[in-house]
Amino acid sequence: MPRESNAAKAERVKQLIARFQETYPTAHCELEHSNPLELLVATILSAQCTDKRVNLVTRQLFNRYRTAADFAQAPISELEEAIKTTGFFRNKARNIQSCCQALVEKHAGRVPSSMAELTALDGVGRKTANVVLGNAFNINCGVVVDTHVARLASRLGLSPRRDPAKIEQDLMPLVPQDQWTLFSHWLIWHGRRRCYARNPGCLHCEVRPLCPRLGLKRLAPVTAS
Ligand code: SF4
């Protein structure tokens, strides 16, 4: 594929956005939550785990622990047991607990709404902070880059890079800021429903005319039967 100019790429992103909007008009964060604390905890739990599994766990977890102080004071073994099925549960329990201790000590038990304050919390990186800012506070501070966003950004020819922070830097100038959070939902939804890691459904893909399918084999020509 000849090198695409930035202007052409931005125009293609505009068209991609229109198609995604049409295809996934209700795209949203699939981690169930009813406040910023729940979303923060759910996002920490979602590392290396499906949203479906996290939701199963958090439905009970959030009944048991309702405030940052509840998480901060819980016996660690009890917390570990409650989140065990999400994997890496020892690390996650430690991170949730020390993160919530900091919320109690430095933020009066509330989740802060700035990138700097969020990423200063244990277990909270830029991706988690972007999820919380975008979905709990409606603040478009960056683009969430998870495994789906990274894969789609590459196949769609929007970023050739592998490092999530660099992919985010490539996406931000291409997408209008007020759509940064939605754009990552669209890529995540498309990654889960069409552009699978293995065997992507290119033949039926809603954005196929706009996709260079970088890194994938050519589609076999359709033969008359
Ligand atoms: S055409 Fe294929 S590679 Fe491109 S977005 Fe659609 S499913 Fe993914």
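As the structure is a computational prediction, the values presented were derived from the model and not from experiment.

Draft legend 1. Structural context of the nonpolar core. Counting 38 residues, the largest nonpolar core has Leu40, Leu61 and Phe71 as the members making the most contacts within it. Among the secondary structure elements, those contributing two or more residues to this core are helix 2 (36-45), helix 3 (51-64), helix 4 (68-73), helix 5 (76-83), helix 6 (89-107), helix 7 (115-119) and helix 8 (126-136). In this view, Leu40 contacts Cys99, Leu103, Val111, Leu121, Val124, Thr128 and Val132; residues no more than four positions away in its chain are not counted. Within the second largest apolar cluster, 29 residues are counted, among which are Val145, Ala153, Ile188 and Trp189.

Draft legend 2. Quick peek at the environment of Asp146. Of note, Asp146 is situated in the loop between helix 8 and helix 9 (147-155). Taking the C-alpha atoms as reference points, Asp146 and Leu216, separated by 70 residues in sequence, lie 20 Å from one another. For Asp146, the side chain forms a polar contact with the main-chain nitrogen of His148, separated by 3.0 Å.

Draft legend 3. Focus on the pattern of salt bridges. Overall, the coordinates contain twelve salt bridges when judged by the stated rule. Here Glu32 ties to Arg59 by a salt bridge, and the two come within 2.7 Å at their closest N and O atoms. Remark: Arg59 occurs in helix 3 and Glu32 occurs in the loop between helix 1 (6-23) and helix 2; sequence separation between them is 27 residues. Note that Arg192 and Asp51 form a salt bridge whose closest N and O atoms lie 3.0 Å from each other. Here Arg192 is found in helix 11 (residues 180-193), whereas its partner Asp51 is found in helix 3, with 141 residues between them in sequence. A single salt-bridge network, built from bridges that share partners, covers Glu30, Asp51, Arg192 and Arg193.

How each quantity is defined
- Residues numbered from 1 in each chain as written.
- Predicted model: local features only at pLDDT ≥ 70, side-chain atom pairs only at ≥ 80, totals over all residues.
- Heavy atoms only, no water.
- Core = buried A, V, L, I, M, F, W, Y, C linked by side-chain atoms within 4.5 Å.
- Buried < 20%, exposed > 50% of the residue type's maximum accessible area, 1.4 Å probe, protein only.
- Helix = DSSP H or I, 4+ residues; strand = E, 2+ residues; numbered from the N terminus.
- Contact = heavy atoms within 4.5 Å.
- Polar contact = N/O pair within 3.5 Å; in protein donor to acceptor, adjacent residues only side chain to side chain.
- Salt bridge = Lys/Arg side-chain N within 4 Å of Asp/Glu carboxyl O.

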